[in-house]
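The lines below spell out each chain.
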Amino acid sequence: MAVLRGTGELSGEAFSLDEDDATVGRGDGQQVMVAHGSVSQRHAKLWCEERWFVQDVGSRNGSALNGTPVAAEEPYELREGDELSFGAVKFRFDAKTPGGKRAEARAALEHAHAALDRSTREHEALKAQLAKAQADLSDREEALDEWERRMHEVNATWVSREDLAEQLKVAEERSRVAAQRQVDAAVRRALEMEKRFVQATARVETLERTLRERDEELARRRA
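What counts and how
Residues numbered from 1 in each chain as written. Predicted model: local features only at pLDDT ≥ 70, side-chain atom pairs only at ≥ 80, totals over all residues. Heavy atoms only, no water. Phe/Tyr/Trp six-rings, centres within 6.5 Å; stacked < 30°, edge-to-face > 60°. Buried < 20%, exposed > 50% of the residue type's maximum accessible area, 1.4 Å probe, protein only. Lys NZ or Arg CZ within 6 Å of the ring centre and 35° of its normal. Helix = DSSP H or I, 4+ residues; strand = E, 2+ residues; numbered from the N terminus. Salt bridge = Lys/Arg side-chain N within 4 Å of Asp/Glu carboxyl O. Pairing = 2+ DSSP bridges.

Participant: Would you mind going over the packing of aromatic side chains with me for this structure?
Facilitator: Aromatic ring pairs are reported here in terms of the distance separating the ring centres and the angle at which the planes meet. Throughout the structure, instances matching the rule amount to four aromatic pairs. Geometrically, the ring pair formed by Trp47 and Phe53 is stacked, given 5.8 Å between the ring centres and 20° between the ring planes. Given a relative accessible area of 9%, Trp47 falls into the buried group. According to the relative accessible area criterion, Phe53 is buried, its value standing at 15%. Through pairs of rings, three or more aromatic residues link up here, namely Phe15, Phe86 and Phe91. A cation over a ring is seen here: Lys45 above Trp47, with NZ or CZ 5.3 Å from the ring centre.

So, in structure tokens, the structure goes:
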């Protein structure tokens, strides 16, 4: 929120400024209405595009920034505490939070982009975990095959072929179940991160559309 605070004969008066287009003048419909003979019906305008600007719109007695006359129809950047003169009337420019809604929208968009980047990295990490789990499962199956081959080579007179086959079957099933659980868990995490990725993308698109619409509206107002 930016404010024009009167000085001199207007001391004590303050006018809040519309970020899109705040007009100054003596005529009706001006946001900053100054009933002074040195002020034109429509004297100047102020607006915010991440930074605040002032522009004299061709007034009769002109405008000044910190005591220096400004050229008509030329924008001038404003800073906290600048002194503005419209005709013989003076104000102090006060903008504690420059940027307003546009800055907030850009900050939100940057935050959404950062969240999207984090989601993308997490998604890639989960994909890598899934690939590793699948590779581990393949390694375990190969190790089980090797173990089974060696067991067949052993002259295990103290155990029957049927018992050996049953032991191998149980071990294989346990290994397969454990590996499958890891794979299922990794897949669930990957699907969840993909969902979050899609949601974050939608939020970014919404913010970009909002910002684009505001830019278009600002351009129309300037025209």
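So, next bit.
Participant: Would you mind showing me how to read unusual backbone geometry here?
Facilitator: Trans peptide bonds make up the majority, and among non-glycine residues the majority have a negative phi. Located in the positive-phi region is Glu50, a residue other than glycine, with phi close to 70°. Phi at Glu73 is positive, roughly 65°, even though this residue is not glycine. By the element assignment, Glu73 lies in the loop between strand 8 (68–69) and strand 9 (76–77). Given a relative accessible area of 46%, Glu73 falls into the partly exposed group.

Participant: Would you explain the pattern of salt bridges in this entry?
Facilitator: Pairs may arise between side chains of opposite charge once their charged atoms sit close together. Under the defined criterion, the tally for this structure stands at 13 salt bridges. For Asp94, the salt bridge is made with Arg5, and the minimal N-O distance between the two is 3.0 Å. In this pair, Asp94 sits in strand 11 (residues 89–95) while Arg5 sits in strand 1 (residues 2–6), placing the two residues 89 residues apart along the sequence. Where Glu217 meets Arg220, a salt bridge forms, and the shortest distance between an N and an O atom there is 2.3 Å. Here Arg220 and Glu217 lie together in helix 2 (residues 161–222), a separation of three residues that amounts to about one turn. On the basis of relative accessible area, Arg220 is assigned to the exposed category, the value being 52%. Each of Asp20, Arg214, Glu217, Arg220 and Arg221 takes part in a single network of salt bridges with overlapping partners.

Participant: In this structure, what is going on with the sheet that holds strand 4 (residues 32–33)? I would like to understand it.
Facilitator: Two modes of strand pairing occur in sheets, parallel and antiparallel, and in both the strands are linked by backbone hydrogen bonds. Across the sheet, which stays open at both edges, the five strands sit in the order 4-3-5-6-9 with mixed pairing between neighbours. A single partner strand is all that each edge strand has here, and the edge strands are strand 4 and strand 9. Relative to strand 6 (residues 51–56), strand 5 (residues 44–49) is paired through six bridges, and the arrangement is antiparallel. Following the sheet pairing, Trp47 is matched in strand 6 by Phe53.

Participant: Looking at this model, I keep getting lost on the sheet that holds strand 10 (residues 83–86). Mind explaining?
Facilitator: Read from one edge of the open sheet, six strands run 2-1-11-10-7-8, paired in antiparallel fashion. Strands with a single pairing partner mark the edges of an open sheet, and in this sheet they are strand 2 (14–17) and strand 8. Bridging between strand 1 and strand 2 involves four bridges; their strand directions are antiparallel. When the bridges of strand 2 are listed, Leu4 appears paired with Phe15.

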